[in-house]
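Given next are the chains, with one letter for each unit.
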Amino acid sequence: EAQVTQNPRYLITVTGKKLTVTCSQNMNHEYMSWYRQDPGLGLRQIYYSMNVEVTDKGDVPEGYKVSRKEKRNFPLILESPSPNQTSLYFCASSLTPHLAGAQNIQYFGAGTRLSVL
Amino acid sequence: AQTVTQSQPEMSVQEAETVTLSCTYDTSESDYYLFWYKQPPSRQMILVIRQEAYKQQNATENRFSVNFQKAAKSFSLKISDSQLGDAAMYFCAYVGDRDDKIIFGKGTRLHILP
């Protein structure tokens, strides 16, 4: 079954304590992306990756890091979390974001609810 | 820069009625893709429908259809015969043919009244 798996689903942490949210996809997709969702702001892209070792900033990258050492994994790292990073986070993957046809579909993970106290 | 605007933060519709959610976007590109995503209370993001800008025909998926007006940069979603399971947040999204980034609107929360 095609899946994007995020872990953990829920996380409560304290300011400054480094954390990693994992994301894994089993579809051999080249493109992976992280979003945060906040009330009234919709989904905003944090970082994305076009392939292994290729990452780029989205619209709200400050305070986040990513890595893409393997095609299937795209972890999101918060080196020093702050309360303004309390949000709902989604990982997504697709073959690429801009191919025509049926390949042009993003698959989303189930989301990670993060609270930073 | 490209933008996506959903001007209706919330909408309500009676069960079995038809509702239209609006979305406008701004771009200087001629080739791009537009999407509607549904996010039910489970928070899962589900692709509802997709439109390629080079296609003049409006996309349809069962009870869901779009009204794509390229000149007006408008991409509305019509839900026919609304069902209780349609209650969700709906997001409009844009990606340019040469872009790597996808832009979402702020969402419209749809309530279905029994």
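Everything below is about the structure printed above this text.
Residues numbered from 1 in each chain as written. Chains lettered and ligands numbered in written order. Predicted model: local features only at pLDDT ≥ 70, side-chain atom pairs only at ≥ 80, totals over all residues. Heavy atoms only, no water.

### A short note on the environment of Asp99 of chain B
Checked against the element boundaries, Asp99 of chain B lands in the loop between β10 (88–96) and β11 (103–104). Measuring from C-alpha to C-alpha, the distance between Asp99 of chain B and Glu29 of chain B comes to 10.0 Å, with 70 residues separating the pair along the chain. (Helix = DSSP H or I, 4+ residues; strand = E, 2+ residues; numbered from the N terminus.)

### Details of the sheet that holds strand β7 (residues 65–66) of chain A
Residue and element names in this part refer to chain A. The strand order across the open sheet formed by 4 strands is β1-β3-β8-β7, and the pairing between neighbours is antiparallel. Pairing within the sheet leaves two strands with one partner each, and these edge strands are β1 (4–7) and β7. Looking at chain direction, strand β3 (residues 19–25) and strand β8 (residues 76–78) are connected through 3 bridges and run antiparallel. If you follow Val21 over to β8, its bridge partner there is Leu76. (Pairing = 2+ DSSP bridges.)

### Some thoughts on unusual backbone geometry
Comment: phi is negative for the bulk of residues other than glycine, and the bulk of peptide bonds are trans. Of note, the bond from Asn7 of chain A into Pro8 of chain A is cis; its omega dihedral lies within 30 degrees of zero at 0°. With respect to the helices and strands, the residue Pro8 of chain A is situated in the loop between β1 and β2 (10–13). Unlike most non-glycine residues, Glu53 of chain A shows phi in positive territory, near 65°. Classification of Glu53 of chain A by relative accessible area gives exposed; the value is 61%. Phi is positive for Arg43 of chain B, close to 75°, though the residue is something other than glycine. Assignment of secondary structure puts Arg43 of chain B in the loop between β5 (32–39) and β6 (46–52). For Arg43 of chain B, a relative accessible area of 12% translates into the label buried. (Buried < 20%, exposed > 50% of the residue type's maximum accessible area, 1.4 Å probe, protein only.)

### What about the pattern of salt bridges?
Note that side chains of opposite charge can pair when their charged atoms are close. Residue and element names in this part refer to chain A. This structure, assessed with the given rule, holds 9 salt bridges over all chains. Linking Lys18 and Glu79 is a salt bridge whose minimum nitrogen-to-oxygen distance equals 4.0 Å. With a gap of 61 residues between them, Lys18 in the loop between β2 and β3 and Glu79 in the loop between β8 and β9 (87–94) connect regions that are remote in the sequence. You can call Glu79 partly exposed: its relative accessible area is 35%. (Salt bridge = Lys/Arg side-chain N within 4 Å of Asp/Glu carboxyl O.)

### Considerations on the interface of chain B and chain A
Taken residue by residue, the interface counts 22 residues in chain B and 32 residues in chain A. Here chain B meets chain A over a buried area of about 2,100 Å², counting both sides, of which 50% is carbon and sulfur. If you sort the residues of chain B by the area they bury against chain A, Arg43, Asp100 and Ile102 of chain B come out on top, with a joint share of 31%. Applying the counting rule to chain B against chain A returns 1 salt bridge. Between Asp59 of chain A and Lys101 of chain B there is a salt bridge; the shortest N-O distance is 3.4 Å. For the pair chain B and chain A, the number of links is 3 residue pairs in polar contact (both at pLDDT 80 or more). At the level of elements, β5, β6 and β10 of chain B are the ones that each hand at least two residues to the side of chain B that touches chain A. Examining the composition of the side of chain B that touches chain A, we find that 4 residues originate from one element, β5 of chain B, more than from any other. (Contact = heavy atoms within 4.5 Å. Buried area = accessible area lost by both parts, 1.4 Å probe. Polar contact = N/O pair within 3.5 Å; in protein donor to acceptor, adjacent residues only side chain to side chain.)

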